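Fold and contact review
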Amino acid sequence: MAETSTREREMERAAEVMREFMARAVLFQDAVAKWGGLNGTDLQCASLLMSEGPATPGELAERTGLTAGGAITTAIDRLERAGFVTRDRDPNDRRRVIVTAVPEAIIGRFGEVYGRVGARWNAYLDTLSDEQLAFANELFAHAAEINREEIELLRAK
């Protein structure tokens, strides 16, 4: 029986670790959303509005992969009722609606959890060398880009 090399074992382990990380990230986001009184999709909508800025409902639908119309409108309705977003007419085109995150409300509700997790991550990252930290940043940035590209491929089908 052929012996596997250290590299082969580490490549297999990397695949296992990435699967576990991605599954736990999705489950964590779902748990945070439920804890905060939302569903996972609504929390992601609010998060995308915070990180990428205001959007029309159609633009937000595109960002999330929800269907424009009913699904995105329902999500925005729930977020607006919770006080996490506002809907305003576009001052340049009164026919358009712009959805904007209310960071104070979102951070006020979810900051406790994300702050705790951020502090734990920072404590760990402080143990890394500059080179290890640069590698970790590169790894997560590359993983995020691969995920973004794969999301686009899946939505195109």
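Notes on the structure in this doc start here. (Residues numbered from 1 in each chain as written. Predicted model: local features only at pLDDT ≥ 70, side-chain atom pairs only at ≥ 80, totals over all residues. Heavy atoms only, no water.)

Ranked by internal contacts, the top residues of the largest apolar core, which has 21 residues, are Leu38, Leu49, Leu60, Leu79 and Phe110. Contributing elements (two or more residues each) for this core: helix H1 (6-35), helix H2 (40-52), helix H3 (57-64), helix H4 (70-82), strand E2 (93-101) and helix H5 (103-125). (Core = buried A, V, L, I, M, F, W, Y, C linked by side-chain atoms within 4.5 Å. Buried < 20%, exposed > 50% of the residue type's maximum accessible area, 1.4 Å probe, protein only. Helix = DSSP H or I, 4+ residues; strand = E, 2+ residues; numbered from the N terminus.)

A few words on the packing of H2 against H5. Between H2 and H5, the least distance of the axes is 12 Å, while the angle of their chain directions is 115 degrees. Taken together, H2 and H5 sit at an angle that is classed as roughly perpendicular. The way H2 lies across H5 gives a crossing that is left-handed. Contacts between H2 and H5 involve Leu43, Ala46 and Met50 from the first element and Pro103, Ile106, Ile107, Phe110 and Tyr114 from the second. Classifying every residue of the contact of H2 with H5 by side-chain character gives 8 nonpolar, no polar and no charged. (Axes fitted to C-alpha atoms, helices over the stretch in contact; angles between N-to-C directions. Parallel < 35°, antiparallel > 145°, perpendicular 65-115°, else oblique. Left-handed = near helix turned anticlockwise from the far one by under 90°. Contact = heavy atoms within 4.5 Å. Nonpolar A, V, L, I, M, F, W, Y, C, P; charged D, E, K, R; others polar.)

This brings us to the pattern of salt bridges. When their charged atoms lie close together, side chains carrying opposite charge are able to pair. Summed over all chains, the structure comprises 12 salt bridges. With a closest N to O distance of 2.3 Å, glutamate 152 and arginine 148 form a salt bridge. Separated by 4 residues within a single helix, glutamate 152 and arginine 148 lie in helix H6 (residues 130-156), roughly one turn from each other. Glutamate 152 sits in the partly exposed class, given a relative accessible area of 48%. Counted as one network, the salt bridges with shared partners bring together Asp77, Glu80 and Arg87. (Salt bridge = Lys/Arg side-chain N within 4 Å of Asp/Glu carboxyl O.)

Below, the discussion takes up the environment of glutamate 52. With respect to the helices, strands and loops of the structure, glutamate 52 is situated in helix H2. Under the relative-accessibility criterion, glutamate 52 is labelled partly exposed at 48%. Residues glutamate 52 and threonine 86 lie 34 residues apart in sequence; the distance between their C-alpha atoms is 15 Å. A distance of 3.4 Å separates a polar atom in the side chain of glutamate 52 from a polar atom in the side chain of arginine 63. (Polar contact = N/O pair within 3.5 Å; in protein donor to acceptor, adjacent residues only side chain to side chain.)

All right, on to H2 then. The first and last C-alpha atoms of H2 sit 18 Å apart over 13 residues, in line with the 18 Å expected at 1.5 Å per residue. The complete set of buried residues in H2 reads Asp42, Leu43, Cys45, Ala46, Leu48 and Leu49. Each element contacted by the buried residues of H2 is listed here: H1, H3, H4, strand E1 (85-90), E2 and H5. With a side-chain oxygen lying 3.0 Å from the backbone nitrogen of threonine 41, the N-terminal cap of H2 falls on asparagine 39. At the C-terminal side of H2, glycine 53 shows a positive phi close to 95 degrees. (Expected span 1.5 Å × (residues − 1).)

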